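# Understanding the architecture of this molecule
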Amino acid sequence: AWPGRKREYDHFPSRALVAVPVFLGGEFLGVLNILAYAPHRFTEADVEVLAMFATQAAIAIRNARLHDHMNKELAERKRADEELRESEEKYRNILENIEDGYFEVDLTGNMTFFNPSLCRILGYAREEMPGMNNRVFMDAENAKKVFRAFNAVYATGIPSKGFEWETIRKDGARTYIEVSVSLIARPGEKPTGFRGIARDITTRKQAEEEKRSLEERLQRAEKMEALGLLAGGVAHDLNNVLGIVVG
């Protein structure tokens, strides 16, 4: 009898029993048995039939486990896909709304991904940018500078932070940008490109240039003032000497 539970047929004393074990891939699952409450003698054929039922029971249990496992996998995959979608949506919203330009290029410098802010900085429409090489945005001197910076990142794997270069907008205007660059590479695999953040620092550079020009003008004015004071002092001394001579 099962502990704590009254068997349904306790008042019918069993007269015969046949039982076969149920195995699933070497794992013991239980026993399948038949009870006879009337005088009966089980034969070998009965045992064979019960053994077939035990095999079918094992197959049914296996299928139920597979179905349950499949449902769990599907639920986990659905949850993972949902989390990935939410994560992608989150970072897409961030990239779409930040002021800085974000870009990804292959190893030859062709644009593979970018955000609207980069289009605004460079003056191109979004549909013009895919596949465009970054050499389009710079002259020969700046291209050499950028190549050295990107090549150093590729050779060392160390991101480059905050180096500046001058870009050429679509309308021909010159724009200064400050860029941070890192490699695109999966663990254990070769790099496939670069990603980076570009910030328009033209206003800052103009302010720095105006400040430097103002300081230069101020230094020239101070020099002229010093020369004026010197000339005034010399003239005063000369007048004193001339006054004595005339007297």
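The preceding data block contains the structure.
Residues numbered from 1 in each chain as written. Predicted model: local features only at pLDDT ≥ 70, side-chain atom pairs only at ≥ 80, totals over all residues. Heavy atoms only, no water.

### A closer look at the layout of surface pockets
Quick reminder of the rule: Think of a 1 Å grid over the protein atoms and nothing else: a 1.4 Å probe that fits but is trapped marks a cavity, an open set flanked by protein within 12 Å on at least five of seven lines marks a pocket, and residues with an atom within 4 Å of a point count as lining. Grid points are joined across faces, edges and corners, and a volume is the space filled by probe spheres set on the points. Residue polarity follows a fixed list, in which Ala, Val, Leu, Ile, Met, Phe, Trp, Tyr, Cys and Pro are nonpolar, Asp, Glu, Lys and Arg are charged, and the others, Gly among them, are polar.
The calculated volume of the second largest pocket comes to roughly 270 Å³. In terms of lining residues, the second largest pocket is bounded by 15 residues, among which L107, T108, F147, F150 and F194 are the most central. Residues belonging to the lining of the second largest pocket are distributed by class as follows: 8 nonpolar, 5 polar and 2 charged.

### Description of the environment of W165
Which entries qualify depends on this criterion: Working definition: helices are DSSP H or I runs of at least four residues, strands are E runs of at least two. Numbering for both runs from the N terminus. With a 1.4 Å probe rolled over the protein chains alone, any residue whose accessible area is under 20% of its type maximum counts as buried; one over 50% counts as exposed, and the rest are partly exposed. Whether two residues are in contact is decided by their heavy atoms, any of which lying within 4.5 Å being enough.
Within the element layout of this structure, W165 appears in strand 5 (residues 160-168). Relative accessible area serves as the criterion here: at 8%, W165 is assigned to the buried category. Discounting chain neighbours no more than four positions away, the residues touching W165 are M138, N142, K145, V146, F150, T175, Y176, I177 and V179.

### What to know about helix 3 (residues 140-156)
The criterion, for reference: In a helix, the anticipated span is given by 1.5 Å times the number of residues less one. Directions drawn from the helix axis to the C-beta atoms are what define this arc.
Helix length check: helix 3, at 17 residues, gives a terminal C-alpha distance of 24 Å against a target of 24 Å (1.5 Å per residue), a fit within 8%. Where helix 3 is concerned, the buried positions are N142, A143, V146, A149, F150 and V153. An end-on view of helix 3 places all buried positions within 130° of arc, on one side of the element. Along helix 3, exposed side chains directed more than 90 degrees from the buried face belong to E141, K144, F147, R148, A155 and T156. Contacts from the buried residues of helix 3 go to strand 3 (101-106), strand 5, strand 6 (174-184) and strand 7 (193-200). Just past helix 3, the residue G157 takes up positive phi, approximately 80°.

### Notes on the sheet that holds strand 4 (residues 111-114)
The strands that make up a sheet are held in pairs by hydrogen bonds between backbone atoms, and each pair lies either parallel or antiparallel. Selection rule: What makes two strands pair is DSSP finding at least two bridges between them. The axes are straight lines fitted to the C-alpha atoms, using for helices just the contacting stretch, and the angles between their N-to-C directions are given from 0 to 180°.
Strand order in the open sheet formed by 5 strands is 4-3-7-6-5, and the pairing between neighbours is antiparallel. Two strands bound the open sheet, and with one partner strand each, they are strand 4 and strand 5. Pairs of neighbouring strands in the sheet enclose a mean axial angle of 30°, with direction left out of account. Taken together, the 7 bridges between strand 5 and strand 6 define a ladder with antiparallel strand orientation. When the bridges of strand 6 are listed, F163 appears paired with V179. Strands in contact with helix 3 are strand 3, strand 5, strand 6 and strand 7; relative to strand 5, the strand with the most contacts, it is inclined by about 155°.

### Considering the pairing of strand 6
Connecting the antiparallel pair strand 5 and strand 6 is a turn made up of 5 residues, with G172 showing a positive phi of about 90°. Summarising the sheet, strand 6 and strand 7 pair through 8 bridges and their orientation is antiparallel. Considered in strand 7, the bridge of I177 is made with D200.

### Here we look at the nonpolar core
Just so we agree on the cut-off: Only buried residues count toward a nonpolar core. Its members are Ala, Val, Leu, Ile, Met, Phe, Trp, Tyr and Cys residues joined through side-chain atoms within 4.5 Å.
F103, M111, L118, M129, F150, W165 and V179 are the most contacted members of the largest nonpolar core, which has 26 residues in total. Contributing elements (two or more residues each) for this core: strand 3, strand 4, helix 2 (116-122), helix 3, strand 5, strand 6 and strand 7. The biggest single contributor to this core is helix 3, with 5 residues. Look past the residues within four positions of L118 in its chain and what remains in contact with it is G101, Y102, F103, M111, M129 and A198. Residues V20, V22, L24 and A54 belong to the second largest nonpolar core, which totals 7 residues.

### Description of the side chain of S117
Operational definition: Side-chain atoms alone can form a polar contact between residues adjacent in sequence; in general such a contact is a pair of N or O atoms within 3.5 Å, and within protein one must be able to donate a hydrogen while the other accepts it.
Mapped onto the fold, S117 is located in helix 2. By relative accessible area, which is 7% here, S117 ends up buried. Polar contacts involving the side chain of S117 include one to the main-chain carbonyl oxygen of I98, which spans 2.5 Å. Not counting residues up to four positions away in its chain, the partners in contact with S117 are I98, E99, D100 and G101.

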